[in-house]
Amino acid sequence: MKLKRLLAAGLAGMMTIGALAGCGNSSDGGQKASSDNGSNAQAEGSESSDNGEVVDLKWVIIGNGMPDNYDSWISKVNDYIKDKVGVRLEMEIVSWADWDSRRNIIVSTNEPYDIIFGHGGNYISDINLGAYCDITDLIEANMPELNEMMPEECWTAVKVNDRIYGVPTYKDIAISNYAIWDKELVDEYNLDIEKLTDLESLTPVFEQLKADKNDYPFYSKNDGIYEQQVS
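Residues numbered from 1 in each chain as written. Predicted model: local features only at pLDDT ≥ 70, side-chain atom pairs only at ≥ 80, totals over all residues. Heavy atoms only, no water.

Enquirer: Any details on helix α4 (residues 99-108)? Residues and values, ideally.
Expert: Within α4 the residues assigned to the buried category are Trp99, Arg103, Ile106 and Val107. Across the axial projection of α4, the buried residues extend over an arc of 90°, all falling on one side. Buried-residue contacts for α4 involve β2 (55-63), β3 (87-95), β4 (115-116) and α5 (123-129). Two residues or fewer after α4 comes asparagine 110, characterised by a positive phi angle close to 55°. (Buried < 20%, exposed > 50% of the residue type's maximum accessible area, 1.4 Å probe, protein only. Helix = DSSP H or I, 4+ residues; strand = E, 2+ residues; numbered from the N terminus. Arc of directions from axis to C-beta. Contact = heavy atoms within 4.5 Å.)

Enquirer: Explain the nonpolar core to me, using residue names and the numbers behind them.
Expert: Residues Leu89, Met91, Tyr132 and Trp155 are the most contacted members of the largest nonpolar core, which totals 38 residues. Those elements that provide at least two residues to this core are β2, α3 (70-85), β3, α4, β4, α5 and α8 (152-157). With six residues, β2 is the largest single contributor of residues to this core. In this structure tryptophan 155 touches Ile139, Leu146, Asn147, Met150, Ile164, Gly166, Val167 and Pro168, once residues within four positions along its chain are discounted. Among the nonpolar cores identified, the runner-up in size contains eleven residues, and Leu191, Leu196, Leu202 and Val205 belong to it. (Core = buried A, V, L, I, M, F, W, Y, C linked by side-chain atoms within 4.5 Å.)

Enquirer: Describe α3, and please don't skip the residues or the numbers.
Expert: Structural remark: α-helix, 3.6 residues per turn; residues separated by three or four positions point the same way. Here α3 spans 21 Å end to end across 16 residues, near enough to the 22 Å set by a 1.5 Å rise per residue. Along α3, the residues that are buried comprise Tyr70, Ile74, Asn78, Ile81 and Val85. Glycine 86 sits one or two positions beyond α3 and adopts a positive phi of about 70°. (Expected span 1.5 Å × (residues − 1).)

Enquirer: Any details on the pattern of salt bridges? Residues and values, ideally.
Expert: Charged atoms that come close allow side chains of opposite charge to pair. Applying the stated criterion to the full structure yields 13 salt bridges. Put simply, lysine 82 and aspartate 79 hold a salt bridge, and the shortest N to O gap is 4.0 Å. Taken together, the residues lysine 82 and aspartate 79, both in helix α3 and three residues apart, mark about one turn of the helix. Between glutamate 92 and arginine 102 there is a salt bridge, and its shortest N-O distance comes to 2.7 Å. Taken as a pair, glutamate 92 in strand β3 and arginine 102 in helix α4 lie far apart in primary sequence, ten residues in all. You can call glutamate 92 buried: its relative accessible area is 17%. (Salt bridge = Lys/Arg side-chain N within 4 Å of Asp/Glu carboxyl O.)

If you want it as structure tokens, here you go:
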């Protein structure tokens, strides 16, 4: 049953978004399970669907809180996925404002769950606490299409001591940096903003704007660049 729960969680990810794996005590004594964001694993999922067994999974995820129509929504989701992947979900959707405190309670008290959202800020510490399950040996054998789709760099990024405890959310793998210019300043200084694309080219412009306007056109923190405001 432990292995079924792990594999069923991977299969459930076919319908949903990636998260991290939990590894405490579940209601049936099994280990917590991992999820993914696009696997097409067949072996255990097909067996579960064929023999009519449906695995119950609790998924804790971040969002806008529990929807008013949760009962109607989850019933439709479960009607669809129970035959597809042999899974029945119970969702807990925690608001962004409450996430840190709620997640800390869940992990620190070993509250039962099968799948939970996580990020780089707590990934390693949660692994050290034993909150996540090692899914390294399950991925290639049971989720070959996910394994092929995910770039190797993404798997490397979630490895700790060469083991994998969570599946990265591939759709959120990168962001784009950009600057917003004040058109009046661009016109006043006749700036060719198409050529102002890096810090080296921007620095003399920022210095001039600071000297002329007595305002800071660029904001950064001691651990990196968070935003650019050119105004």
